[in-house]
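The primary structure of each chain is shown beneath.
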Amino acid sequence: TLDLSAGGTLRIDIESETTHDRVSVAGDVLLGGSVEPTLSEGFNPAAGEWVIATYTGTASGSVEAPAGYRAVVEQGNYRVVLRKVAMGTVITIR
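Keep in mind it's a predicted model, so treat the numbers as computed, not measured.

Novice: Whenever I open this one, the pattern of salt bridges confuses me. Can you help?
Specialist: Pairing is possible between side chains that carry opposite charge, provided their charged atoms lie close to one another. With the rule as written, the count across this model stands at four salt bridges. When the shortest N-O distance is used, the salt bridge between Glu36 and Arg11 registers 3.4 Å. A residue pair is termed long-range when its members are at least 10 positions apart, and Glu36 in strand E5 (residues 34–39) and Arg11 in strand E2 (residues 9–14) qualify at 25 residues. In this structure Arg11 comes out as exposed when scored by relative accessible area, which is 56%. Between Arg83 and Glu74 there is a salt bridge, with the nearest N and O atoms lying 2.8 Å from each other. In this structure Arg83 comes out as partly exposed when scored by relative accessible area, which is 22%.

Here it is as structure tokens:
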């Protein structure tokens, strides 16, 4: 079980599009804190997606992400994904 309580921070190093930290949990994840991505020197993608956690049980709660990022819990895929949204991206809600 991973318990990322309110006030807790999961720090993730991102070196490239394919190389980054990932937490693998055999069990449940309880979310309530935040994620703090650190990009390697010289790596600054306009947008991207990184699987930052996988789990085998259930997930509850949500994770806060810094400006320009979104943390998404994908229940059906048993993973938590960090997405960097390109600045100037327009999102239309219908």
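Novice: In this structure, what is going on with the sheet that holds strand E3 (residues 23–25)? I would like to understand it.
Specialist: Backbone-to-backbone hydrogen bonds pair the strands of a sheet. The strands run either parallel or antiparallel. The sheet built from four strands is open, its strands ordered E3-E6-E9-E8 with mixed pairing. Lying at the two open borders of the sheet, with one neighbouring strand each, are E3 and strand E8 (69–74). Averaged over all pairs of adjacent strands, the angle between strand axes in this sheet comes to 25 degrees, irrespective of strand direction. With six bridges connecting them, strand E6 (residues 48–55) and strand E9 (residues 79–84) associate as antiparallel partners.

Rules used in this analysis
- Throughout this description, residue numbers start from 1 for each chain and increase along the sequence as written.
- Per-residue local features of the predicted model are confined to residues with pLDDT of at least 70, and side-chain atom pairs are confined, for both listing and counting, to 80 or more; whole-chain, interface and lining totals are unaffected and use all residues.
- With hydrogens and water excluded, all non-hydrogen atoms of the structure serve as input to the side-chain values.
- Here, a salt bridge means any side-chain nitrogen of Lys or Arg that lies within 4 Å of a carboxyl oxygen of Asp or Glu.
- Helix and strand definitions here come from DSSP, where helices need a minimum of 4 consecutive H or I residues and strands a minimum of 2 consecutive E residues; each element is numbered from the N-terminal end.
- Exposure classes here rest on a 1.4 Å probe applied to the protein chains alone. A residue is buried below 20% of its type maximum, exposed above 50%, and partly exposed in between.
- When DSSP finds at least two bridges between two strands, those strands are taken to pair.
- Fitted lines through C-alpha atoms serve as axes, helices being fitted only where they are in contact, and the angles separating the N-to-C directions of these axes extend from 0 to 180 degrees.

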